[in-house]
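Summary of structural features
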Amino acid sequence: GNSVTQMEGPVTLSEEAFLTINCTYTATGYPSLFWYVQYPGEGLQLLLKATKADDKGSNKGFEATYRKETTSFHLEKGSVQVSDSAVYFCALLFTGNQFYFGTGTSLTVIP
Amino acid sequence: EAGVVQSPRYKIIEKKQPVAFWCNPISGHNTLYWYLQNLGQGPELLIRYENEEAVDDSQLPKDRFSAERLKGVDSTLKIQPAELGDSAVYLCASSLGGGLDTQYFGPGTRLTVL
């Protein structure tokens, strides 16, 4: 079956630290991969996406590379800010419009 | 551009009572989704509409849940009767089309069933 496994949180980092949130997936076929972010009190927002192997999605300093060989889509940021504190969801999407979300990773960045 | 609007934001009811959630998608978005998000989990799709047609409702518990999207714009999700296990956040999302079009999520309705 299709599933997404995310690194468990919560994650607490100091400002300007390097961030990695691991995401691996199991899929039949070749899905598109997404990271969504949910800031406190707000709805989910698309952060970045990649639609095929070796694609790199990037936005707001965050990056993730679609690795077919390791079935991974790890989220990274070189220097986090307090404003990055949120819950991050990895997700995969098949052409049948079925989204599979991970369980979310809560990030808190302290000054 | 206005985002996806949902109401109410919070709802508390007693079990066996009915409840309804309303969603107004982004103008011009043909595809509308309802998701269920349990605490500490990612969203799970309940139903997807293409215009006014429900094209995927395989995950909707049809014994107590129903949904409609009249005129292909606003949508309503109903639970009747509600059970304790229905306590969750109900999310609405919309996209221009299906496929890989970006889904824009509303803030959700947090339902508590007592």
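Attention in this report is confined to the structure presented alongside it.

The rules behind these values
Residues numbered from 1 in each chain as written. Chains lettered and ligands numbered in written order. Predicted model: local features only at pLDDT ≥ 70, side-chain atom pairs only at ≥ 80, totals over all residues. Heavy atoms only, no water. Buried < 20%, exposed > 50% of the residue type's maximum accessible area, 1.4 Å probe, protein only. Helix = DSSP H or I, 4+ residues; strand = E, 2+ residues; numbered from the N terminus. Pairing = 2+ DSSP bridges. Axes fitted to C-alpha atoms, helices over the stretch in contact; angles between N-to-C directions. Polar contact = N/O pair within 3.5 Å; in protein donor to acceptor, adjacent residues only side chain to side chain. Disulfide = S-S within 2.5 Å.

1. Thoughts on the pairing of strand β5 (residues 32-38) of chain A
Residues and elements named next belong to chain A. Of all seven residues that make up β5, seven are buried, and the element is covered over most of its length. Sheet analysis places β5 next to strand β10 (residues 86-93), joined by seven bridges and oriented antiparallel. Looking across to β10, one finds that Ser-32 is bridged to Leu-93. Examined bridge by bridge, β5 and strand β6 (residues 44-50) share six bridges and lie antiparallel to one another. Across the sheet, residue Phe-34 finds its bridge partner in β6, namely Lys-49. Connecting β5 to the antiparallel partner β6 that follows it, the hairpin turn spans five residues, and Gly-41 within it adopts a positive phi of roughly 80 degrees.

2. Structural notes on the sheet that holds strand β8 (residues 75-79) of chain B
Residues and elements named next belong to chain B. Read across the sheet, four strands follow the order β1-β3-β8-β7 without closing on themselves; strand pairing throughout is antiparallel. The open sheet is flanked by β1 (5-7) and β7 (65-68), the only strands paired with a single partner. Mean inter-strand twist for the sheet, computed between neighbouring axes without regard to direction, equals 15 degrees. Inspection of the sheet shows strand β3 (residues 19-24) paired to β8 by five bridges, in the antiparallel sense. Each residue of the ladder has a partner; that of Phe-21, found in β8, is Leu-77.

3. Here's the deal with the side chain of B:Ser75
The topology assignment puts B:Ser75 in strand β8. Reaching out from B:Ser75, the side chain makes a polar contact with the backbone oxygen of B:Glu68 at a distance of 2.9 Å.

4. Re the state of the cysteines
In the structure shown here, the tally under the stated rule is two disulfides over all chains. A disulfide bridge connects A:Cys23 with A:Cys90, and the sulfur atoms are separated by 1.9 Å. The disulfide joining A:Cys23 to A:Cys90 has a torsion of about -70 degrees about its S-S bond and is therefore left-handed. Of this pair, A:Cys23 sits in strand β4 (residues 23-26) while A:Cys90 is found in strand β10, placing the two residues 67 residues apart along the sequence. A relative accessible area of 0% places A:Cys23 in the buried class. Residue pairing for B:Cys23: its cysteine sulfur links by disulfide to B:Cys92, the two sulfurs lying 1.9 Å apart. One disulfide, between B:Cys23 and B:Cys92, carries an S-S torsion of -70 degrees and so falls in the left-handed class. Note that B:Cys23 is positioned in strand β3 and B:Cys92 in strand β9 (residues 88-95), a separation of 69 residues in sequence.

Take it as geometry only, folks, not as evidence of what the structure does.
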